Amino acid sequence: MDHFCYHGDTLFCEDVSLSHIAQQVGTPFYCYSEATLLHHLAVFGEAFAGYPHLVCYSVKANSNLAVLDALVRHGAGLDVVSGGELFRGQKVGCAANKMVFSGVGKREDEIRAALQAGILMFNVESVAELHRINRVAGEMGLKAPVALRVNPDVDAKTHPHISTGLRRNKFGIPFGKALQVYRQAQRMPHLQVIGLDCHIGSQVTTINPFVEALKRVMELLKQLRGEGIPIRYLDLGGGLGIPYGQEESKIPPHPSLYAGALLQELQGSDLTLILEPGRVIVGNAGIFVVRVEYIKEGEEKNFIVTDGGMNDMMRPALYDAYHTILPVQRHFSDDEMVADVVGPICESSDFFARERLLPRFEEGDLLAVRSTGAYGFTMSSNYNSRPRVAEVMVRGGAFQVIRRRETLEQLVENEALFAPLAGEGV
Ligand code: LLP
């Protein structure tokens, strides 16, 4: 469910017309519906209501402060993967004991900052990282709370770039070695082993891989408890997929089905469950609005050239991802065209849609790329020296700019010319 609907022939976000926002802030821009965001958080949380749990929203999906603030104010914790994301969490006042720190390459300064903040736990991905966290915690006179992220070797059946739970992926501690690594961690003086973590991938559209992974993890948990290793937190990561509009029959499961299947496996176990959803919370709460610059009729194909590019929204370029495209203003005629929707970047992978049947767009029309609230803005870059776009949030009939469009000056403000060296003539 979301709040992007037509009122008459104009696409609205909640009660604000997207053409109106475009007039005010220019294009391109991302627009988020706060009501959709909060609805998704509530539905996800309610699905787990019967069991002690903490929803740690995965910041990487959309890290705008206004988005984090809305979620945190409504009870979410955060899953962070860098010092930058931790900083954002602190900025919006997220309680440190509701933040978990994941990721395969935590730097020493990031570990220090997280310990200083007092986070709930580190999800540790290697023996080398255990040693590092143990040393840093020792230097700080603390005990670091840790979970081990185990790799259950389960096929999440998603795009290879976003599959993480297979033996060949770089993530997690190999399942067969987990027990031994747990024993090692138990012996480290500055660690407190409190959790078990696994995450198998993203945009997972069936329940089975999650259940399979959980079954494996529960076996391990039994062994750990048998050895007196007191696991209190079970973190099952994120990964639940969302509909992008082309699925037909294969619609990803509703959070209540996903939760139901997991909770069935957990019956009778006294744990606190941690979940790290990202996409399912923000994906369909955001839309990317661009303007048609040119209609270009090629020899083989038609191209709709927009002012948004792969630097602004790179999911199609990177994963060949499908995103529904809608006209912001529906025309009266039902004339259609088959076209590629592309950006101005000097790469052939700069596209939002390929050979798509679309309304007959014209120069100056606005078009909306749907389901771009997750991994849209956060993966954007300045490639081709394009300033990063604006982000807007809508609440009912009001909208606010939650990130200003970058200026050309901001584009170069951290750069410097190489200054003449001492003794060099000018
Ligand atoms: N937890 C961990 C440890 C993760 O690595 C991820 C995502 C999540 C949670 C959140 O997963 P979600 O619920 O959003 O699926 N850029 C890609 C997705 C990369 C996902 C990386 N990890 C895309 O645009 O599809």
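Residues numbered from 1 in each chain as written. Predicted model: local features only at pLDDT ≥ 70, side-chain atom pairs only at ≥ 80, totals over all residues. Heavy atoms only, no water.

**Side note on the overall build of the protein**
Then comes step 1: A tally of regular secondary structure across the protein gives twelve helices and 21 strands.
Then comes step 2: Rg of the C-alpha trace for the protein: 23 Å, near the compact-globule value of 22 Å for 426 residues, within the 12% margin.
Then comes step 3: In terms of its C-alpha atoms, the protein occupies a principal-axis envelope of roughly 70 × 70 × 40 Å.
Then comes step 4: Counting the 426 residues in the protein, one finds 55% classified as buried.
Then comes step 5: Taking all contacts inside the protein whose residues are at least 6 apart in sequence as the whole, residues at least 24 apart take part in 70%.
Then comes step 6: Here the protein displays about 19200 Å² of accessible surface, and carbon together with sulfur accounts for 50% of that area.
Then comes step 7: Counting 41 positive and 50 negative side-chain charges, the protein places the averaged centre of each group 9 Å from the other. (Helix = DSSP H or I, 4+ residues; strand = E, 2+ residues; numbered from the N terminus. Rg over C-alpha atoms; globule rule 2.2 N^0.38 Å. Buried < 20%, exposed > 50% of the residue type's maximum accessible area, 1.4 Å probe, protein only. Contact = heavy atoms within 4.5 Å. Areas by Shrake-Rupley, 256 points an atom, 1.4 Å probe, with all protein chains shown as cover. Lys, Arg positive; Asp, Glu negative; His and termini not counted. Charge placed at Lys NZ, Arg CZ, Asp CG, Glu CD.)

**Section: the site of the ligand**
Then comes step 1: Surveying the vicinity of the ligand reveals 18 residues, the closest of which are S202, E276, R315, Y319 and Y375.
Then comes step 2: Backbone polar atom of G239 to an oxygen atom of the ligand: 2.8 Å apart, as the coordinates give it.
Then comes step 3: A distance of 2.6 Å separates an oxygen atom of the ligand from a polar side-chain atom of Y375.
Then comes step 4: Its free accessible area being 590 Å², the ligand has 91% of it covered by the protein chains.
Then comes step 5: Tallied by class, the residues present in the shell around the ligand amount to five nonpolar, seven polar and six charged.
Then comes step 6: Both domain 1 (4–31 + 284–412) and domain 2 (103–275) contribute no fewer than three residues apiece to the shell around the ligand. (Near = heavy atom within 4 Å. Polar contact = N/O pair within 3.5 Å; in protein donor to acceptor, adjacent residues only side chain to side chain. Nonpolar A, V, L, I, M, F, W, Y, C, P; charged D, E, K, R; others polar. Domains from an automatic or database assignment.)

**Some details on the sheet that holds strand 2 (residues 10–13)**
Each strand in a sheet pairs with another by means of backbone hydrogen bonds, the pair being arranged parallel or else antiparallel.
Then comes step 1: On the basis of which strands lie adjacent, the open sheet formed by three strands has the order 1-2-3 and antiparallel pairing. Whereas interior strands pair on both sides, the edge strands pair on one side only; in this sheet they are strand 1 (4–7) and strand 3 (16–17).
Then comes step 2: In this sheet, strand 2 lies alongside strand 1 in antiparallel orientation, the contact comprising four bridges. Each residue of the ladder has a partner; that of C5, found in strand 2, is F12. (Pairing = 2+ DSSP bridges.)

**A word on the environment of G45**
Then comes step 1: Structurally, G45 can be placed in helix 2 (residues 34–47).
Then comes step 2: A relative accessible area of 17% places G45 in the buried class.
Then comes step 3: In this structure, the C-alpha to C-alpha distance between G45 and L275, residues 230 residues apart in sequence, is 9.6 Å.
Then comes step 4: Beyond its immediate stretch of four places on either side in the chain, G45 contacts H53 and V55.

**Side note on the environment of F12**
Then comes step 1: Here F12 is to be found in strand 2.
Then comes step 2: In the structure, F12 is positioned 214 residues away from G226 in sequence and 56 Å away in space, judged by C-alpha atoms.

**Some details on the domain arrangement of the protein**
Then comes step 1: Splitting the protein by domain gives domain 1 (4–31 + 284–412) and domain 2 (103–275).
Then comes step 2: Relative to domain 2, the C-alpha centre of domain 1 lies at a distance of 36 Å.
Then comes step 3: Contacts between the two partners involve nine residues from domain 1, matched on the other side by nine residues from domain 2.
Then comes step 4: Of the roughly 810 Å² buried between domain 1 and domain 2, counting both surfaces, carbon and sulfur atoms make up 52%.
Then comes step 5: Across the domain 1-domain 2 interface, the total number found is zero salt bridges.
Then comes step 6: Across the contact surface, domain 1 and domain 2 share three residue pairs in polar contact (both at pLDDT 80 or more).
Then comes step 7: Tallied by class, residues from the side of domain 1 that touches domain 2 come to four nonpolar, four polar and one charged. (Buried area = accessible area lost by both parts, 1.4 Å probe. Salt bridge = Lys/Arg side-chain N within 4 Å of Asp/Glu carboxyl O.)

**Details of helix 1 (residues 18–25)**
Then comes step 1: Listing the buried residues of helix 1 in full gives L18, S19, I21, A22 and V25. One side of helix 1 carries all its buried residues, which in axial view fall inside an arc of 160°. Exposed side chains of helix 1 directed beyond 90 degrees from the buried face belong to Q23 and Q24.
Then comes step 2: Measuring from the backbone nitrogen of S19 back to the side-chain oxygen at the start of helix 1 gives 3.2 Å, which picks out S17 as the cap.
Then comes step 3: Remark: G26 follows helix 1 within two positions and exhibits a positive phi of approximately 80°. (Arc of directions from axis to C-beta.)

**A few points about the side chain of N62**
Then comes step 1: Mapped onto the fold, N62 is located in the loop between strand 5 (53–58) and helix 3 (65–73).
Then comes step 2: Residue classification places N62 among the buried residues on the basis of a relative accessible area of 2%.

**Topic: the pattern of salt bridges**
Opposite charge on two side chains lets them pair, provided their charged atoms get close.
Then comes step 1: Summed over the entire model, instances satisfying the criterion amount to 20 salt bridges.
Then comes step 2: K301 is paired through a salt bridge with E355; the nearest N and O atoms lie 3.2 Å apart. Here E355 lies in strand 18 (residues 351–359) and K301 lies in the loop between strand 14 (286–297) and strand 15 (302–306), a separation of 54 residues in the sequence.
Then comes step 3: What makes E355 exposed here is its relative accessible area of 55%.
Then comes step 4: A salt bridge links R388 to E406, with the nearest nitrogen and oxygen atoms 3.7 Å apart. Here R388 is found in the loop between strand 19 (366–369) and strand 20 (390–395), whereas its partner E406 is found in the loop between strand 21 (398–403) and helix 12 (408–412), with 18 residues between them in sequence.
Then comes step 5: For E406, a relative accessible area of 16% gives the class buried.
Then comes step 6: Salt bridges linked by common partners bring E108, R112, R135 and E139 together as one network.

**Section: the side chain of E34**
Then comes step 1: With respect to the helices and strands, E34 occurs in helix 2.
Then comes step 2: Here E34 falls in the buried class, since its relative accessible area comes to 8%.
Then comes step 3: Contacts of E34, omitting those with residues within four sequence positions, involve E14, A70, R73, M393, V394 and R395.

**Observations concerning the packing of helix 2 against helix 3**
Then comes step 1: Two elements in contact, helix 2 and helix 3, have axes separated by 10 Å at closest approach and are oriented at 40°. Between helix 2 and helix 3, the angle falls in the class oblique. Considering how the two elements wind past one another, helix 2 and helix 3 form a crossing that is right-handed. The residues of helix 3 that touch helix 2, namely those facing E34, L37, L38 and L41, are V67, A70, L71 and R73.
Then comes step 2: Residues belonging to the contact of helix 2 with helix 3 are distributed by class as follows: six nonpolar, no polar and two charged. (Axes fitted to C-alpha atoms, helices over the stretch in contact; angles between N-to-C directions. Parallel < 35°, antiparallel > 145°, perpendicular 65-115°, else oblique. Left-handed = near helix turned anticlockwise from the far one by under 90°.)

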